[in-house]
Amino acid sequence: MLQLLLVGLLLPAALVAAPGAGAPRELEAGLDPAALEAARFALESYSRAAEQRGGPARLGAIRRAQAQVVNGIKYYLDVTLLKPPCSQHRFTNQDAAICENSVEPEQISCHFEVWSQPWMNRQKLVKQECRPAEPSEKVQNVASLEPEELAHAKTPEEPVSLEALSQNASVQLISLFKDFLTTYKKSYKDEREAERRLQIFAENLEKARTIQELDQGTAEYGVTKFSDLTEEEFRSLYLNPLLAKLPARPMKPAAIPSDPPPAEWDWREHGAVTDVKDQGMCGSCWAFSVTGNVEGQWFLRRGSLVSLSEQELVDCDGLDHACGGGLPSNAYEAIEQLGGLETEGDYSYEGHKQSCSFSTTKVAVYINSSVEISRDETEIAAWLAKNGPISIALNAFAMQFYRRGVSHPFRLFCNPWMIDHAVLLVGYGTRDRTPFWAIKNSWGKNWGEQGYYYLYRGSRACGMNTMCSSAVVD
């Protein structure tokens, strides 16, 4: 769960505070899942108090919904509630008979304000104003309203059929899920698994929306190839926990160029970067980060761009843990010990550990040593522009739902001490006055911007500056 990752990362209040409250944003009152969840939460609070006055209400309609970022998200809701006929009145036996024959519910107009911190699983009803509904606020087609039993959220343990989910979820959600299945060619073993994945998909849309609300850059977050995975599944299948757990092998510091870096640079434009690759469901990002760096170094020193074998490192690097993760600093040493790297064509990627079949007769490139690069972003840019793409590592939390644009995640979402993914820094520049790093990822071209991630430059975002290194080819 989102909150499980973040509970242990709580920082002082000065860091937790949102970057600033924006103006309230209009939501689709009848379709937005977050607005519906906030309305149901407000209704529960209202109904608990109402039980002492004659019984709970149920949700009739959300007439207007707005959201505003204020150290969390604040929802402003105008809703119409339905109460059982005569529920607030003490009456005689004669009046009781009239009420029993009544079929029209009493309609109440309420303004609720709900403050939420989704990453802490925290909600609070901060304002409630209710009165009899005016004619313009009344729901006309009472028969079509949400059944009373659906006015409260189901517990996670309660079994939910796909049919029931389809009835409760918005048309927009079901449409998004169907598009997701088609786009990424997803299939599940049975109906029960499909139901579970739809629930996860809906929860992930909420997480993506929260990240979007708090992002300080220009990025778009939403549906990606990972939208049906829980946070735990995503981390275990695609990330590298060893980056934060194991100390990096000491390397000599790299010499930083004395000249200031150019305003922008991109090694893709200079022939030093191979096509985006796909690590699959294997925590081998460390191998892809290092081979990408070695590919660039070999190109700059020998003039030829060769796609190198990550599988060789997965199978033969005894210092790292194959799909269980590894460190770029160890991988450089392993390449030196092995005597070099074979090409991708000679030692193709399988995405799981096999017995080592490395052959010295097929070595295509070699390295002589490796260096650690400065943590200063200006010096990182200067080294990159002169010497080639850099192996780096970062916190990949926001990347699960990244689609495009320059990502600048809220610091609490992208703690720089929780490094868990190795990638390749290939360039930098500015988009619409927003400075960025251009990062080659290893999740295929059907993720991000054709396989690339653009991260805000200048704030050490997501710890991207903490583990910068390169091979050395003499």
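The protein chain goes by Cathepsin F in an unreviewed UniProt entry, where it is assigned to Terrapene triunguis. The protein chain has a UniProt comment under Sequence similarities (unreviewed entry) that states "Belongs to the peptidase C1 family." Recorded in UniProt for the protein chain, the comment headed Function (unreviewed entry) runs: "Thiol protease which is believed to participate in intracellular degradation and turnover of proteins. Has also been implicated in tumor invasion and metastasis."

1. Topic: the state of the cysteines
What the rule picks out here adds up to four disulfides. A disulfide bridge connects cysteine 414 with cysteine 462, and the sulfur atoms are separated by 2.0 Å. The sign of the S-S torsion, about 110 degrees, decides the handedness of the disulfide formed by cysteine 414 and cysteine 462: right-handed. Of the two residues, cysteine 414 is situated in the loop between β12 (406-407) and β13 (421-431) and cysteine 462 in the loop between β15 (452-456) and β16 (469-472); the sequence distance between them amounts to 48 residues. Residue classification places cysteine 414 among the buried residues on the basis of a relative accessible area of 3%. Between cysteine 285, a free cysteine, and cysteine 282, which holds the nearest cysteine sulfur, the sulfur-to-sulfur gap is 9.0 Å. Residue class for cysteine 285 comes out buried when judged on its relative accessible area of 0%.

2. Digging into the pattern of salt bridges
Within the structure shown, the criterion is met by 23 salt bridges. Residue glutamate 220 pairs with arginine 403 through a salt bridge whose shortest N-O separation is 2.6 Å. Of this pair, glutamate 220 sits in strand β6 (residues 220-221) while arginine 403 sits in strand β11 (residues 402-404); the two residues are 183 residues apart in sequence, bridging distant segments of the chain. Within this structure, Arg25, Glu206, Arg209 and Glu213 form a network of salt bridges that share partners.

Here is what the cut-offs are and how they apply
- Residues numbered from 1 in each chain as written.
- Predicted model: local features only at pLDDT ≥ 70, side-chain atom pairs only at ≥ 80, totals over all residues.
- Heavy atoms only, no water.
- UniProt positions renumbered as here; feature names shortened; annotations may be inferred.
- Disulfide = S-S within 2.5 Å.
- Helix = DSSP H or I, 4+ residues; strand = E, 2+ residues; numbered from the N terminus.
- Buried < 20%, exposed > 50% of the residue type's maximum accessible area, 1.4 Å probe, protein only.
- Salt bridge = Lys/Arg side-chain N within 4 Å of Asp/Glu carboxyl O.

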